[in-house]
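# Chain and residue survey
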Amino acid sequence: MTPDQKALVKTTWSLVVPIADTAATLFYGRLFEIDPSTRPMFKSTDMPEQRKKLMQALATVIAGLDNLAPLIPVLETLGRKHVAYGVLDKHYDSVGTALLWTLEQGLQTAWTPPVQDAWIAAYTAVAGVMRNAAKTVPNAA
Ligand code: HEM
């Protein structure tokens, strides 16, 4: 990611923070719609709590964008945990698509092509660390 892209992700994220729970609700709704195979993974999940966890994780990563190194082990552990949740590599594509769609809804006119590119770069980097860690789990798909 370029420094400009990191700045774009940070400023646009600050616009989403005030509507974090609405955004997270939109996100899961969209995810379950575009990829129904993700729905059963959350059948016993406390969704209000999960919405908080997702937004908190994103906030932490975005705050650390300028220096991701200390977050790499955290993301690797999270990626390995996701294997136990039944998450497959392809699900990261669905989550990325649902996330971009959600940001577009939330940001409206602030959702410009450079902002989109910046978020794609950020998500690809973060998900990439989790996906690679997941591959090190025995019997991971
Ligand atoms: C960048 C990508 C992702 C981030 C930042 C993220 C973040 C998180 C966090 C912070 C938790 C809570 C972990 C804990 O309680 O210790 C979690 C749980 C979970 N995530 Fe993700 N996640 C990502 C991708 C995915 C994907 C691709 C899926 C597949 C649909 C997924 C499905 C789940 C499930 C099923 C749980 C467990 C829910 C439960 O506790 O019942 N996540 N995720």
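Each remark here, short or long, concerns the structure printed above.
The present account deals with the structure reproduced in this document. Just so it is clear, the model here is predicted, and its values are computed rather than measured.

This brings us to the overall build of the protein chain. When you go through the protein chain residue by residue, the secondary structure sums to six helices and zero strands. Dimensions of the protein chain, computed from the C-alpha atoms along their principal axes, are close to 40 × 30 × 25 Å. Within the protein chain, the fraction of its 141 residues that count as buried is 24%. A separation of at least 24 residues holds for 84% of the contacts in the protein chain among residues at least 6 apart in sequence.

Counting residues in hydrophobic clusters, the biggest one holds 28 residues, and the most contacted among them are Val9, Ala122 and Val126. For this core, the secondary-structure elements that each account for two or more residues are helix H1 (3–16), helix H2 (20–34), helix H3 (47–63), helix H4 (72–84), helix H5 (89–107) and helix H6 (113–135). No other element matches H6, which puts nine residues into this core. Contact partners of Ala122, with chain neighbours within four places excluded, come to Met1, Val9 and Leu65.

Taken together, the neighbourhood of the ligand is formed by 20 residues, with Thr38, Met41, Thr45, Ala57 and Val95 sitting nearest. Mapped onto the shell around the ligand, the elements with two or more residues apiece are H3, H4, H5 and H6. Among the elements that line the shell around the ligand, the one with the most residues is H3, at four residues. Of the residues contributing to the shell around the ligand, the split by class is twelve nonpolar, six polar and two charged.

Each value, and the rule that gives it
Residues numbered from 1 in each chain as written. Predicted model: local features only at pLDDT ≥ 70, side-chain atom pairs only at ≥ 80, totals over all residues. Helix = DSSP H or I, 4+ residues; strand = E, 2+ residues; numbered from the N terminus. Buried ≥ 20, exposed ≤ 12 C-beta atoms within 10 Å, placed from the backbone. Contact = placed C-beta atoms within 7 Å. Core = buried A, V, L, I, M, F, W, Y, C linked by C-beta atoms within 7 Å. Near = placed C-beta within 6 Å. Nonpolar A, V, L, I, M, F, W, Y, C, P; charged D, E, K, R; others polar.

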